[in-house]
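Analysis of the macromolecular model
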Amino acid sequence: MANHGADCDLIIDYFNGHLSREEKAVFEDHLENCAECRAELAEWNGLIEDLPYDSEPVTPPEGMKERVLSAVFAEEEPKQHSASAEPTLIGNAKTNSSSPSKRSSAKWVLPAAAALLLSLGGNAFLYNELQQQSTELTQSQETVDELLQYVTLSPTGESDENPTASASIVRTGSQVNVVINASSLGPLANDEVYQVWLIEGESPKRAGTFIASESGAGAVVFTLDEFNSEQWNQIAISHEPDAQSETPEGEVILASEL
Amino acid sequence: MSGPQDIELYQQVLQRDKNALESLYDRYQKLIYSFSYRMTKDTTLAEEVVQEVFIKLWNSHSSYSEEKGKFSSWLLTMTRNTALDHLRKQSSKPAVEFEERDSLRETAETPSDLLEEKEKKLLIRRSVQKLKKEQRHIIELFYFQGLTHEKISHRTGLPLGTVKGRIRLALKHLKTYIHEEGGKANG
Ligand SMILES: [Zn+2]
């Protein structure tokens, strides 16, 4: 334990989360043997009972509640009716060609919350903010998301509702998420759902199921194991009788080329 | 406290009860937002922090149980850690000193301010105000800005080896004042 004092000095950076994974492991080992650091850390953790209350009360910005709650609930897993409707179908249907690193042209690097913020849909202000921030964040290696593709889906049929939707394909670490955000959707009856499809050649693969709120809004985040932009040529949303459809049975209401 | 207890609401959140999440949101948004703003000094970042905290809560990425202490403390710890994450990502930006409170200051009371929370705020703020200026400063850098050991040393002009002792001393005084003020309030 020659290094004892030096290890004790890591406590500030440990508490504030500045240690690398290796340093953190070193300090956590040290904690096992150093009662003084354990006591100090317990005390610092206990500050959460007091110090946050020293914050000047500020009124949250207009509309924050709606934005936050819609982002929170947009995160919700798609509603599943049975095991056969597992949304990982696509993820399991791996591409047998090329490496996943071979991706298409323009990529934007976005902060971690990007996918969620993007699900706020028409909020052009936030969207621009994110793109601005992205340049500053390119050097941060931690949990940055990469927007691989962003498309707007167009209505395919003649419906009174005139639905709209966007799809963001975002890489987070080794995962690729497809974030769908739709609005002006028509009402659903009984077990009916909206189903997202990724279409490879002629064959559609299930890519997330969602229902619409009373106001006609719906969102789903769907995880792919990998994404190869050449694999999929279209994304579409159909109105299905239930969440079991393995191929589109109902009307396709929105679609876009990928 | 009126209405259901935090723990009851939390258990309903685990059952995917959106209304329960909304109740917790209403109960804590102002405290969490104010704390996030105090840490980030940026309205956009503070809102991102609030959003992330509630997403974590909704998706049970970290779980609360009563052995972990008060629910509010658990939620605030999650808030601080989330804010620290965001601050680290921003750390390439120049730091802004935050001594004078700015235009977001707000004194109007809202009905959602719990009495308990209000008393606590008064007690803590009175106690912090009793600290010497340099003690408040080191707590600001250490706790609210979550700076590295090295940056705290740099910003305060204290040698690296002295920083921890000064933090400890400031916190010891704070504890004493909280105890004194608390005693006054209860007597
Ligand atoms: Zn130690």
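Residue numbers run consecutively from 1 along every chain, following the written order of its sequence. Key to labels: chains lettered from A, ligands numbered from 1, both in the order written. The predicted origin of the model limits local features to residues at a pLDDT of at least 70 and limits the giving and counting of side-chain atom pairs to 80 or more, whereas totals for whole chains, interfaces and linings rest on all residues. The side-chain quantities take in all heavy atoms of the structure and omit both hydrogens and water.

Section: the overall build of chain B
Per the secondary structure count, chain B includes eight helices and zero strands. Written out in order from the N terminus, the α and β elements of chain B read α-α-α-α-α-α-α-α. The buried share among the 187 residues of chain B stands at 49%. The criterion used for residue contact is that any of the two residues' heavy atoms lie within 4.5 Å. Within chain B, contacts between residues at least 6 apart in sequence are counted, and of these 65% link residues at least 24 apart. To be clear on the numbers: accessible area is Shrake-Rupley with a 1.4 Å probe, and residue cover counts the displayed protein chains and nothing else. For chain B, the accessible surface area stands at approximately 9,500 Å², while carbon and sulfur atoms represent 51% of it. Helical segments are the DSSP runs of H or I of at least four residues, strand segments are the runs of E of at least two, and each set is numbered from the N terminus. Summary of the burial criterion: residues with accessible area below 20% of their type's maximum are buried, those above 50% are exposed, and those between are partly exposed, where the area comes from a 1.4 Å probe applied to protein chains only.

Some remarks on the overall build of chain A
Counting secondary structure elements, chain A contains eight helices and nine strands. Residue burial in chain A is summarised as follows: out of 258 residues, 46% are buried. At a minimum sequence separation of 6, the contacts of chain A that also span at least 24 residues come to 61%. Surface summary for chain A: the accessible area is close to 12,600 Å², and the carbon and sulfur share equals 48%.

Here's the deal with helix H3 (residues 43-58) of chain B
Residue and element names in this part refer to chain B. Compared with the 22 Å implied by 1.5 Å per residue over 16 residues, the 23 Å span of H3 between its first and last C-alpha is a close match. Between a side-chain oxygen at the N-terminus of H3 and the backbone nitrogen of threonine 44 the separation is 2.8 Å; the capping residue is aspartate 42. At the exit of H3 stands serine 60, carrying a positive phi of roughly 50°. An expected span of 1.5 Å times one less than the residue number is assigned to each helix. Whenever two N or O atoms come within 3.5 Å, that pair is a polar contact, provided that in protein one can donate a hydrogen and the other can accept it, and provided that, for residues adjacent in sequence, both atoms are side-chain atoms.

A closer look at the UniProt feature "domain: Putative zinc-finger" (unreviewed entry) in chain A
UniProt positions are given in the numbering used here, feature names are shortened, and annotations may be inferred rather than shown by experiment. Sites flagged by UniProt as "domain: Putative zinc-finger" (unreviewed entry) map to residues 9-38 of chain A. Helix makes up 73% of residues 9-38 of chain A and strand 0%, and the two end C-alpha atoms of the span are 13 Å apart.

Quick word on the interface of chain B and chain A
Each partner contributes to the interface: chain B provides 61 residues, whereas chain A provides 48 residues. By the criterion of area lost to chain A, the three top residues of chain B are Gln51, Lys89 and Lys164 of chain B, representing 12% of everything that side buries. Here a salt bridge means any side-chain nitrogen of Lys or Arg lying within 4 Å of a carboxyl oxygen belonging to Asp or Glu. Counting the contacts that link chain B with chain A gives 10 salt bridges. Between the two partners, chain B and chain A, sit 20 residue pairs in polar contact (both at pLDDT 80 or more). For the side of chain B that touches chain A, the secondary structure elements donating two or more residues are helix H2 (18-40), H3, helix H4 (71-89), helix H5 (115-130), helix H6 (133-144), helix H7 (149-156) and helix H8 (160-186) of chain B. Ranked by residues supplied to the side of chain B that touches chain A, first place goes to H2 of chain B with 13 residues. Put simply, buried area is the surface a 1.4 Å probe can reach on two separate parts but cannot reach once they are joined, added for both.

So, the pattern of salt bridges
Inspection of every chain in the model, using the stated rule, returns 18 salt bridges over all chains. Its salt-bridge partner being arginine 125 of chain B, residue glutamate 56 of chain A comes within 3.1 Å of it at the nearest N-O pair. In this pair, glutamate 56 of chain A sits in the loop between helix H4 (35-46) and helix H5 (64-74) while arginine 125 of chain B sits in helix H5, so the two residues belong to two different chains. According to the relative accessible area criterion, glutamate 56 of chain A is buried, its value standing at 10%. Classification of arginine 125 of chain B as partly exposed rests on a relative accessible area of 25%. For lysine 56 of chain B, the salt bridge goes to glutamate 52 of chain B, with nearest N and O atoms at 3.7 Å.

Comments concerning H4 of chain B
Its 19 residues place the ends of H4 of chain B 27 Å apart at the C-alpha level, agreeing with the 27 Å of an ideal helix rising 1.5 Å per residue. Summarising burial for H4 of chain B: 15 of the 19 residues are buried, a large majority.

Things to note about the nonpolar core
As used here, the term nonpolar core means buried Ala, Val, Leu, Ile, Met, Phe, Trp, Tyr and Cys residues forming a set that is joined through side-chain atoms within 4.5 Å. Among the nonpolar cores identified, the biggest contains 75 residues, and Phe54, Leu57, Ile139, Phe142 and Tyr143 of chain B are the most heavily contacted of them. Here this core takes 11 residues from H2 of chain B, the largest share from any one element. Among residues more than four places away in sequence, those in contact with phenylalanine 54 of chain B are Val68 and Val72 of chain A together with Leu21, Leu24, Tyr25 and Ile32 of chain B. Leu148, Ala182, Tyr194 and Phe222 of chain A belong to the second-largest nonpolar core, a separate cluster that totals 24 residues.

Observations regarding the coordination of the zinc ion
Residue and element names in this part refer to chain A. Around the zinc ion, the protein contributes the donor atoms Cys8 (SG), His30 (NE2), Cys34 (SG) and Cys37 (SG), which lie 2.0 to 2.3 Å from the metal centre. Only nitrogen, oxygen and sulfur atoms within 2.8 Å of the metal, or 3.2 Å for Na, K and Ca, are treated as donors, and water is left out, so sites may look incomplete. Each label reflects the angles at the metal, where four donors whose angles all fall between 85 and 135 degrees are tetrahedral, four or six donors whose opposite pairs open beyond 155 degrees and whose other angles stay between 65 and 115 are square planar or octahedral respectively, and the rest are irregular. Given four donor atoms and angles of 105 to 115° at the metal, the environment of the zinc ion is assigned as tetrahedral. Taken in chain order, the donor set of the zinc ion reads C-x21-H-x3-C-x2-C.

Re unusual backbone geometry
Where the residue is not glycine, phi is negative for most of them; where a peptide bond is considered, it is trans in most cases. All names here are of chain B. Phi at arginine 16 is positive, roughly 65°, even though this residue is not glycine. Locating arginine 16 in the fold gives a position in the loop between helix H1 (6-14) and H2. Residue classification places arginine 16 among the partly exposed positions, given a relative accessible area of 31%. At lysine 41, a residue that is not glycine, the phi angle is positive and equals roughly 55°. By the element assignment, lysine 41 lies in the loop between H2 and H3. Judged by relative accessible area, lysine 41 falls into the partly exposed class, the value being 23%.

Here we look at the packing of aromatic side chains
Aromatic contacts are taken between Phe, Tyr and Trp rings whose centres are within 6.5 Å, Trp giving its six-membered ring; a plane angle under 30 degrees counts as stacked, one over 60 as edge-to-face, and the others as tilted. Counting across every chain of the model gives 18 aromatic pairs over all chains. Their ring planes at 25° and their centres at 5.5 Å tell us that phenylalanine 15 of chain A and phenylalanine 142 of chain B sit as a pair that is stacked. Here phenylalanine 142 of chain B lies in helix H6 and phenylalanine 15 of chain A lies in helix H2 (residues 11-15), a pairing that spans two chains. Using a relative accessible area of 1% as the deciding quantity, one classes phenylalanine 142 of chain B as buried. The rings of Phe15 and Trp44 of chain A together with Phe35, Phe142, Tyr143 and Phe144 of chain B are connected pair by pair, giving a single aromatic cluster. Any Lys NZ or Arg CZ found within 6 Å of a ring centre and within 35 degrees of that ring's normal is scored as a charge over the ring. Over the ring of tyrosine 143 of chain B we find arginine 80 of chain B, and its NZ or CZ is 4.3 Å from the ring centre.

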